[in-house]
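Report on the structure
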Protein chains: 2
Amino acid sequence: MALSADILRGYTDTILLKCLAEGDSYGYQMVRQIAQKSGGALQLKEPTLYTAFRRLTQDGLIDSYWGDEQSGARRRYYRLTEKGLERLLSDQQAWIETRQALDRLLLDENE
Amino acid sequence: MALSADILRGYTDTILLKCLAEGDSYGYQMVRQIAQKSGGALQLKEPTLYTAFRRLTQDGLIDSYWGDEQSGARRRYYRLTEKGLERLLSDQQAWIETRQALDRLLLDENE
DNA sequence: AATAATACCTTGACAGACGATGTACTGTGT
DNA sequence: ACACAGTACATCGTCTGTCAAGGTATTATT
């Protein structure tokens, strides 16, 4: 099973924030972390990823710095800001409420 | 709390199918039914609604007929088709899996 | 020397949600 | 009789997020 784009729309930002809450990371790695965590269900596409990074940076929810790799390609690391953490917490709460509302709207009463 | 647009994107169709699975209905009433069921969290907007009706009709998931109101404004009733019911069932299953994946991606392990 | 993998990034097209707006009829208060 | 709110239908144009396709550069493998 793969999660469709539209279904995820609106959650990518939160998914990225949560990912960074577990430690600084960089684009390519985050794609893999998220794929793994979702059991392969969510394969974030690169344009989606970098669009989100730009959005989150502009909103001051994350910032970034270049890693000093001795070998291999350069990496831009992203870091959660204080404001980003606050956003994450409120997004998590919103998810819990959304989940409950959608359960009521989509499923039968007795399940 | 109000569900934001992007969060719902991709679910409106399923929400409408589920609503019709409980009996034929018409636009205006469905908006109210859904608002009530979600505890006011989801106020479907009319352009969203009619765009969805067109989409679902085109896909053969619903069809419609004019009611014969003795008084009051005319109403276009919508009805779930066989194909629509099948889609609803698979959408419900998809939601359960999406919910689980998002739980893993958005929340901490111990909750 | 060619290929795959890692790692970054952008452009352009597409689809869904919705603010604004419009039509038409009914019911209510004055 | 008339204004106004409510019911009920519908569309246009804008905005936003996603992604297929494409591009650059470095390192590892064959």
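The structure under discussion appears in the preceding block.
The residue numbering used here restarts from 1 in each chain and proceeds along that chain's sequence as written. Here chains are named by letter from A upward and ligands by number from 1 upward, in the order in which they appear as written. Local features are withheld for residues below a pLDDT of 70 in this predicted model, meaning they are given only at 70 or higher, and side-chain atom pairs are given and counted only at 80 or more; totals for whole chains, interfaces and linings count all residues. Only hydrogens and water are set aside when side-chain values are computed; all heavy atoms of the structure are taken into account.

**Observations concerning the sheet that holds strand β2 (residues 62-66) of chain A**
All names here are of chain A. In space, the 3 strands of this open sheet follow the order β1-β3-β2, with antiparallel pairing throughout. Strands with a single pairing partner mark the edges of an open sheet, and in this sheet they are β1 (25-26) and β2. Two strands pair if DSSP finds at least two bridges between them. Numbering goes from the N terminus for both helices and strands, where a helix is a DSSP run of H or I of at least four residues and a strand is a run of E of at least two. Pairing analysis gives 2 bridges linking β1 to strand β3 (residues 76-80), with the strands arranged antiparallel. By the bridge assignment for β3, Tyr-26 is matched with Tyr-77.

**Some remarks on the pattern of salt bridges**
Close approach of charged atoms allows side chains with opposite charge to pair. Salt bridge criterion: a side-chain nitrogen from Lys or Arg within 4 Å of a carboxyl oxygen from Asp or Glu. Enumeration over the complete set of coordinates arrives at 12 salt bridges over all chains. A salt bridge links Asp-13 of chain A to Arg-55 of chain A, with the shortest nitrogen-to-oxygen separation between them at 2.7 Å. Highlighted residues: Asp-13 of chain A in helix α2 (residues 12-21) and Arg-55 of chain A in helix α4 (residues 46-58), separated in sequence by 42 residues. Several salt bridges converge on common partners, so that one network encompasses Lys-18, Glu-22 and Lys-37 of chain A together with Asp-108 of chain B.

**Section: the relation of the copies chain B and chain A**
Rotating chain B by 180 degrees and translating it 0.0 Å along the rotation axis places it on chain A, where the RMSD comes to 0.0 Å. In short, the pair behaves as if placed about a two-fold rotation axis. We superpose the copies by least squares over the C-alpha atoms of residues that have a pLDDT of at least 70 in both of them.

**Regarding helix α2 (residues 12-21) of chain B**
Residue and element names in this part refer to chain B. To sort residues, take the accessible area from a 1.4 Å probe on protein chains only and compare it with the maximum for the residue type: under 20% means buried, over 50% means exposed, and anything in between is partly exposed. With 9 of 10 residues buried, α2 lies mostly within the body of the structure. Among the residues of α2, those classed as buried are Thr-12, Asp-13, Thr-14, Ile-15, Leu-16, Leu-17, Lys-18, Cys-19 and Leu-20. Note on α2: the residue one or two positions beyond its end, Gly-23, has a positive phi of about 135 degrees.

**A short note on the packing of α2 of chain A against helix α5 (residues 82-106) of chain B**
Each pair of packed helices can be described by the angle between their axes along with the distance between the axes. For every element, the axis is a line fit to its C-alpha atoms; helices are fit only across the contacting stretch, and the angle between N-to-C directions ranges from 0 to 180 degrees. Running from N to C, α2 of chain A and α5 of chain B point in directions that differ by 40 degrees, and their axes come no closer than 8 Å. The angle between the axes of α2 of chain A and α5 of chain B places the two elements in the oblique class. Of the residues in α5 of chain B, those touching α2 of chain A at Thr-14, Ile-15 and Lys-18 of chain A are Leu-102, Leu-105 and Leu-106 of chain B. In this count, Pro and Cys sit with the nonpolar residues alongside Ala, Val, Leu, Ile, Met, Phe, Trp and Tyr, while Asp, Glu, Lys and Arg are called charged and the others, Gly among them, polar. The residue makeup of the contact of α2 of chain A with α5 of chain B, split by class, is 4 nonpolar, 1 polar and 1 charged. To sort the angles, those under 35 degrees are grouped as roughly parallel, those over 145 as roughly antiparallel, those from 65 to 115 as roughly perpendicular, and the leftovers as oblique. In this analysis, two residues are considered to be in contact whenever any of their non-hydrogen atoms come within 4.5 Å of each other.

**Description of the protein's contact with DNA strand C**
What makes a residue near a molecule or strand is one non-hydrogen atom of that residue sitting within 4 Å of it. In the neighbourhood of DNA strand C, 24 residues make up the surrounding shell, with Tyr-28 and Arg-75 of chain A together with Arg-9, Thr-12 and Pro-47 of chain B lying closest. Within 4 Å of the protein, the contacting atoms of DNA strand C are drawn from sugar and phosphate to the extent of 63%. Between DNA strand C and Tyr-26 of chain A there is a distance of 3.2 Å, counted from a phosphate oxygen to a side-chain nitrogen or oxygen. Tyr-50 of chain A has a polar side-chain atom sitting 3.4 Å from a phosphate oxygen of DNA strand C. Taken together, the elements giving at least two residues each to the surface near DNA strand C come down to α3 (27-37), α4 and β3 of chain A together with α4 (46-58) of chain B. Here the surface near DNA strand C is composed, by residue class, of 9 nonpolar, 5 polar and 10 charged. Whenever a nitrogen or oxygen atom comes within 3.5 Å of another N or O atom, the pair is scored as a polar contact, on the condition that within protein one atom can donate a hydrogen and the other can accept it, and that pairs from neighbouring residues in sequence are kept only if both atoms are in side chains.

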